[in-house]
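What follows is the residue order along each chain.
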Amino acid sequence: MEHSSPIRLQRTFTPGEAWGFSVVGFLTWLTLAPTVNQELGTAAMWVWIPGVVVGMLLSLQMRQLGNRWQNVSGGTPSYVARLLPHNPLVRRYIGFAYYLGWVSFPPINAIVLTDLLQHHLKTLDLTVPDKPFEICFTLVAYLIAFSGSRTLAILHLFFVLPSIGFLFLFIAQGLGWLALAPDSPGLLPSGFSGISSANWLKWYLYAAYAFYSSETASAFVADSKKPADTLKFLSWFAWLMPFVYIGGSWVLMRLVRDKSLGSDLYTNLVAAATPFWGSQTSFLITLLITSSCLLGTATTVCNTPRILYQGALDGNMASVFGVVSHRGALEPALIFTLLSSFLFLAWGDVNRILVISGVCWFVAIMLVHLALWLRRKDPDVRWGRWSLGILLIEFIALVVGGVAWGWQDFLIGMMLPIALIALDMIIRRIPFAPFRPAWWERLHTKPHHLTKDRDFLVVQVSILIFLICAASTTSWLVCAWIRPASNATNSEVLIIVLMTLAFVAVAIACWTSLPQVIAIDELASLTSIQATQLNQTLSELKNAQVQMVQNEKMSSLGQLVAGIAHEINNPVNFIHGNIDPLNEYTQDLLRMLHFYEQHHPSDDPEARVLAEEIDLEFVVEDVQKMLSSMKMGTSRIRSIVLSLRNFSRIDEAEFKLVDIHEGIESTLLILQYRLKDKPECPAIEMIRDYGNLPQVECYPGQLNQVLMNILVNAIDALDEVNALRTYEEIKENPSQISIRTLVSSSQWVEIAIADNGLGMPEHIKNRIFDPFFTTKPVGKGTGMGMAISYQIITEKHRGKLECFSTLGQGTEFIIQLPIRQQVC
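Residues numbered from 1 in each chain as written. Predicted model: local features only at pLDDT ≥ 70, side-chain atom pairs only at ≥ 80, totals over all residues. Heavy atoms only, no water.

A short note on the overall build of the chain
Link 1 in the chain: Scanning the chain for helices and strands turns up 29 helices and seven strands.
Link 2 in the chain: Counting over 824 residues, the chain shows a buried share of 50%.
Link 3 in the chain: Put simply, of all contacts in the chain between residues at least 6 apart along the chain, 80% involve residues at least 24 apart. (Helix = DSSP H or I, 4+ residues; strand = E, 2+ residues; numbered from the N terminus. Buried < 20%, exposed > 50% of the residue type's maximum accessible area, 1.4 Å probe, protein only. Contact = heavy atoms within 4.5 Å.)

So, the nonpolar core
Most often, soluble globular proteins have nonpolar side chains that are buried together.
Link 1 in the chain: Within the largest apolar cluster, 142 residues are counted, with the highest numbers of intra-cluster contacts made by Trp-29, Trp-48, Phe-170, Tyr-212, Tyr-245 and Phe-321.
Link 2 in the chain: With 16 residues, the top contributor of residues to this core is helix H14 (residues 350-374).
Link 3 in the chain: Those residues within four positions of Phe-321 in sequence are excluded, and the remaining contacts are Leu-308, Tyr-309, Ala-312, Pro-332, Ala-333, Phe-336, Asp-424 and Ile-427.
Link 4 in the chain: Among the nonpolar cores identified, the runner-up in size contains 39 residues, and Cys-698, Leu-707, Ile-710 and Leu-718 belong to it. (Core = buried A, V, L, I, M, F, W, Y, C linked by side-chain atoms within 4.5 Å.)

Considering helix H6 (residues 105-121)
Link 1 in the chain: Helix length check: H6 (17 residues) gives 24 Å between terminal C-alpha atoms against 24 Å at 1.5 Å per residue, within 8%.
Link 2 in the chain: Most of H6 sits inside the fold, with 15 of its 17 residues counted as buried. (Expected span 1.5 Å × (residues − 1).)

Side note on the confidence of the model for the chain
Link 1 in the chain: Per-residue confidence for the chain gives a mean pLDDT of 80; residues scoring 70 or more make up 78%.
Link 2 in the chain: The low-confidence segment residues 447-454, where pLDDT is below 50, has 16 contacts with residues more than four positions distant or belonging to other chains.
Link 3 in the chain: Predicted confidence for residues 481-489 stays below pLDDT 50, and this span has seven contacts to residues more than four positions away or in other chains. (pLDDT = per-residue confidence, 0-100.)

Some details on the packing of helix H5 (residues 88-103) against helix H13 (residues 331-345)
Link 1 in the chain: The geometry of H5 relative to H13 is characterised by a closest axis approach of 9 Å and an angle of 65° between their N-to-C directions. The handedness of the crossing between H5 and H13 is right-handed. Here Phe-96, Tyr-99, Leu-100 and Val-103 of H5 come into contact with H13, specifically with Phe-336, Thr-337, Ser-340, Ser-341 and Phe-344. (Axes fitted to C-alpha atoms, helices over the stretch in contact; angles between N-to-C directions. Left-handed = near helix turned anticlockwise from the far one by under 90°.)

Re the environment of Ile-496
Link 1 in the chain: Note that Ile-496 resides in helix H19 (residues 491-511).
Link 2 in the chain: A relative accessible area of 1% places Ile-496 in the buried class.

Section: the packing of helix H2 (residues 24-40) against helix H9 (residues 197-211)
Link 1 in the chain: Their axes nearest at 7 Å, the elements H2 and H9 cross at an angle of 155°. It follows that H2 is roughly antiparallel to H9 by the angle criterion. Every residue of H9 that contacts H2 at Gly-25, Thr-28, Trp-29, Leu-32, Thr-35, Val-36, Glu-39 and Leu-40 is listed here: Asn-199, Trp-203, Tyr-206, Ala-207, Tyr-209 and Ala-210.
Link 2 in the chain: Here the residues of the contact of H2 with H9 sort into nine nonpolar, four polar and one charged. (Parallel < 35°, antiparallel > 145°, perpendicular 65-115°, else oblique. Nonpolar A, V, L, I, M, F, W, Y, C, P; charged D, E, K, R; others polar.)

Here's the deal with the packing of aromatic side chains
Link 1 in the chain: Under the criterion given, the structure shown has 35 aromatic pairs.
Link 2 in the chain: In textbook terms, an aromatic cluster arises when at least three aromatic residues are bridged by ring pairs, as seen for Phe-26, Trp-48, Phe-168, Trp-200, Tyr-204, Phe-211, Tyr-212, Phe-237, Phe-243, Tyr-245 and Phe-362.
Link 3 in the chain: Stacked on the ring of Trp-405, the Lys or Arg Lys-202 has its end atom at 4.5 Å from the ring centre. (Phe/Tyr/Trp six-rings, centres within 6.5 Å; stacked < 30°, edge-to-face > 60°. Lys NZ or Arg CZ within 6 Å of the ring centre and 35° of its normal.)

Digging into the environment of Leu-116
Link 1 in the chain: Positionally, Leu-116 belongs in helix H6.
Link 2 in the chain: Look at Leu-116 and you get buried, because its relative accessible area is 3%.
Link 3 in the chain: Those residues within four positions of Leu-116 in sequence are excluded, and the remaining contacts are Tyr-266, Thr-286, Ile-289, Thr-290 and Ile-496.

Quick look at the sheet that holds strand E5 (residues 748-755)
As a general point, the strands of a sheet are linked pairwise by backbone hydrogen bonds and lie either parallel or antiparallel.
Link 1 in the chain: An order of E2-E4-E5-E7-E6 is seen for the five strands of this open sheet, with the pairing classed as mixed. For this open sheet the edge positions go to strand E2 (685-689) and strand E6 (800-806), each flanked by a neighbour on one side alone. Mean inter-strand twist for the sheet, computed between neighbouring axes without regard to direction, equals 15°.
Link 2 in the chain: In the sheet, E6 pairs with strand E7 (residues 810-818) via seven bridges, with the strands oriented antiparallel. In the sheet register, Phe-804 faces E7, and the bridge partner there is Glu-812.
Link 3 in the chain: Relative to the sheet, helix H24 (residues 660-670) contacts E2, strand E4 (736-745), E5 and E7, its axis offset from that of E4 by approximately 165°. (Pairing = 2+ DSSP bridges.)

Structural notes on the pairing of E6
Link 1 in the chain: Where burial is concerned, the two faces of E6 differ: the one with Leu-801, Cys-803 and Ser-805 is buried and the one with Lys-800, Glu-802, Phe-804 and Thr-806 is not.
Link 2 in the chain: Counted along the chain from E6 to the antiparallel partner E7, the turn is three residues long, and its residue Gly-808 has a positive phi close to 90°.

Describing unusual backbone geometry
If a residue is not glycine, its phi is most likely negative; likewise, a peptide bond is most likely trans.
Link 1 in the chain: A positive phi angle, near 55°, is found at Trp-383, a position not held by glycine.
Link 2 in the chain: If you trace the backbone, Trp-383 turns up in the loop between H14 and helix H15 (386-405).
Link 3 in the chain: Under the relative-accessibility criterion, Trp-383 is labelled partly exposed at 25%.
Link 4 in the chain: One non-glycine residue, Arg-798, adopts positive backbone phi at about 55°.
Link 5 in the chain: Secondary-structure assignment places Arg-798 in the loop between helix H29 (785-796) and E6.

Here we look at the pattern of salt bridges
Link 1 in the chain: The final tally for this structure, using the stated rule, is 15 salt bridges.
Link 2 in the chain: Note that Asp-378 is salt-bridged to Arg-375, the shortest N-O span being 3.3 Å.
Link 3 in the chain: For Asp-378, a relative accessible area of 6% corresponds to the buried category.
Link 4 in the chain: Given a relative accessible area of 16%, Arg-375 falls into the buried group.
Link 5 in the chain: A salt bridge links Asp-424 to Arg-428, with the nearest nitrogen and oxygen atoms 2.9 Å apart. (Salt bridge = Lys/Arg side-chain N within 4 Å of Asp/Glu carboxyl O.)

Next up, the structure:
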């Protein structure tokens, strides 16, 4: 039996750092757009426009699922694993297929950077070997990630602004120049080229890498300090997709006409930007490409291990991938990812890597749409019915487009996820120590403190980058001053060198001085951290203690009620079961008595005296009424006992399908003594408005506890009002509690309990679910009833509990429950 690492990823990313990971989908467009434009020209719009629409829907859908599963890492494949809980093989395939789509990004970026460096070094009459630089560009971000600190996320921010800033500037200025410049060829072409169905399917498969990858931020929701803010970026970037993909492609389409440029990224962007950037074009395009490649690599190195990590936690992948070091490094997952990146680097050709990994990626997204269609009735699935149509188009594009790109690469792309599934099974079964979490846990013996304030680390990284860049720039300028006649002032090479040095230097620092600096800072803040943790622990312990007492009280009450009900039930059943035979015997005796009176009349005076003395006629009439009353009484006792048993539910500790109305009626029967008419107060009117509810999957005993808490609070509120009114005033304006049930959607039911009491002011209503908050006198309330009720509904049942109250008009509690509980 394997045991996963006890250490888990902590919420250390700020929304700003998570924001940087959201934009990587835009950077994939840079790699793909020149090829698509060169091959299709104006017909490229027929690929980008529908792709952008589907990509926007996918991003908005992932935001919806991210809000539901905010503690889940890895994003899209992890969400789909929860939508398809009973399909383990599909969950593994989509996890590895999605993973392979991302793993190819670092080697693609490394090849692009190496080609860019080679292009600029030609002006200095220099050449460098390709493979060593491609390996170095692939490896550099991994070196930082292995240090386990948040450094890579912070470093990531320094590359977001130049990459996204200049990308947006390129598109905006390009569109503006086309629309307004006098020497512009015009914003609109004279016409659009047509495209065959087969060609469209081929290039839709190729370009899907870009427009399906704008949901990256969802992978970091579980790491974010503010997950809701992180998920907002999915919406923002979904609405920016038309500007980037369609607007950027439009600029390339109108300004790059030279087919001899081929698919080279640098030369295509330079050709497009030269009309409006002029002499600065080469420098700015180099800055854009370099920062974008390094940014994309950093995102992949952060993203892909989290897919393996969550897969391990969910049991879909080997448990060793769930190991986390004390500084938050996913070491086994990073090693596996690095080896996978080198596998793609071995192919060496960008277009071939894009096709192979693109097939993996495309199949993963197809399975996403399949899951959305299968779970189309789930309240968190949007556009579920559309997913079937999208899936059918994607299937045709996969087959037709995949074969068009080459059946060998197509088959490799289809089989690679299966190969990783097989490798994962080998890792699970081979008794090799590094394949087991325990081996890694023995390496992580130093205590860690991941809850500290990490702003200190931001300062350290910022200073380090500034010093490296300043020293490199100074050296470059001195070299240019000493050798003014040389070409050593090539600013494009300087940009590549500076940005790469920033990565390398931070990587070195992460393995040398930075851990010691952080350790000193951690030690200095240890006392305050421990004090904060101690206070938090004491508070949590107090909450847990009160909750345990409350739960124990409810458990004891349930056991007592169940025991009493059981003891009452046996004799009552005995009496009730004998009433019918007794009634038959009595009827037989009465018939026999009438028979003797009719056939053997007697004038015996003693008999007449005895008949008058016992009032024979009354006895004959009343004995039948007594038996009928006894039967009604025992039936009533049996129904009360049944209600007590239903309320206690002592033997039902798991989810069960139950009748909600039965639980409500059982609770009302137990509270009947507080609802009925009293000498000082008329009865509280119960208004039932029951809908046609299906059986709901829930914890019956805990749900009854919630109903009891809400109804008791309603009765208490009405008693407070009635204490200020006379019997006649209450009679004229009776106290009421209304209970309404309905099916609110295909997957949810709603229970609303309202009273016509005094209501609550806003400041009390806002704290009604806070632990220990109560408005009752000391000794009459702990302040935990509604807090526990909220926990039972929201955490145990994944539902919603809301309070609505208007001062002077009463209070209403609304419970919303899913009809069926989903696997989480």
